[in-house]
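Okay, here's what each chain looks like letter by letter:
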Amino acid sequence: MNLDRASAVTTSEPLAPPEWGMDVKREGNQFTAEVTRSAVVMCHVSVVRPDDDDEPAAVAALADKARRWIHEYLERAAGR
């Protein structure tokens, strides 16, 4: 999943550069995203949803979380 376009529920999160993406895996009501940059794994983020049937909401929440992490990562890297 590309993170350079905001998901339907995202309105204020910063967008990620196009080389960033994520792949989502699900185990029960826990959803985990592997966040990649140019196909290299950079981090994992996860959410637990009590309404485990609402996968789109979980993916949107993960995308928001991933974008925030990417934004903070890029800010730290720029400040070196």
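Residues numbered from 1 in each chain as written. Predicted model: local features only at pLDDT ≥ 70, side-chain atom pairs only at ≥ 80, totals over all residues. Heavy atoms only, no water.

Which parts of the structure should I look at to understand the overall build of the protein chain?
Regarding its fold elements, the protein chain presents one helix and three strands. Reading the secondary structure of the protein chain in the N-to-C direction produces β-β-β-α. Among the 80 residues that make up the protein chain, the fraction classed as buried is 30%. Long-range pairs, those at least 24 residues apart, make up 39% of the contacts in the protein chain with a sequence separation of at least 6. On the protein chain, roughly 4900 Å² of surface is accessible, and the fraction owed to carbon and sulfur atoms is 49%. (Helix = DSSP H or I, 4+ residues; strand = E, 2+ residues; numbered from the N terminus. Buried < 20%, exposed > 50% of the residue type's maximum accessible area, 1.4 Å probe, protein only. Contact = heavy atoms within 4.5 Å. Areas by Shrake-Rupley, 256 points an atom, 1.4 Å probe, with all protein chains shown as cover.)

Looking at this structure, I do not really get the sheet that holds strand 1 (residues 20–27). What am I missing?
Within a beta sheet, neighbouring strands are joined by backbone hydrogen bonds and run either parallel or antiparallel to one another. With respect to topology, three strands assemble into an open sheet ordered 1-2-3, the strand pairing being antiparallel. A strand with exactly one partner marks an edge of an open sheet, and here the two such strands are strand 1 and strand 3 (40–48). Here the strands of the sheet are splayed against their neighbours by 20 degrees on average, with no regard to which way each runs. By the bridge criterion, eight bridges tie strand 1 to strand 2 (residues 30–37) in an arrangement that is antiparallel. Note that in strand 2 the partner of Gly21 across the bridge is Thr36. The strands that helix 1 (residues 55–78) touches are strand 1, strand 2 and strand 3; relative to strand 3, the one it contacts most, it runs at about 135 degrees. (Pairing = 2+ DSSP bridges. Axes fitted to C-alpha atoms, helices over the stretch in contact; angles between N-to-C directions.)

Would you explain the side chain of Asp64 in this entry?
Its place among the elements puts Asp64 in helix 1. Within polar-contact distance, the side chain of Asp64 engages the side chain of Arg67 at 3.3 Å. (Polar contact = N/O pair within 3.5 Å; in protein donor to acceptor, adjacent residues only side chain to side chain.)

Can you help me understand helix 1 in this one?
Residues lying three or four places apart along an α-helix face the same way, a consequence of the helix completing one turn every 3.6 residues. For helix 1, which comprises 24 residues, the first-to-last C-alpha distance of 34 Å matches the rise-based estimate of 34 Å (1.5 Å per residue) to within 8%. Within helix 1 the residues assigned to the buried category are Ala58, Val59, Ala60, Leu62, Ala63, Asp64, Ala66, Arg67, Ile70 and Tyr73. Packing partners of the buried residues in helix 1 comprise strand 1, strand 2 and strand 3. (Expected span 1.5 Å × (residues − 1).)

In this structure, what is going on with the pairing of strand 2? I would like to understand it.
A regular strand places its side chains so that they alternate between the two faces of the sheet. Counted between consecutive antiparallel strands, the loop separating strand 1 from strand 2 contains two residues, among which Gly28 sits at a positive phi close to 65 degrees. The pairing of strand 2 with strand 3 spans eight bridges and is antiparallel. Note that in strand 3 the partner of Thr36 across the bridge is Val41. Two successive antiparallel strands, strand 2 and strand 3, enclose a turn made up of two residues, where Ser38 displays a positive phi of approximately 50 degrees.

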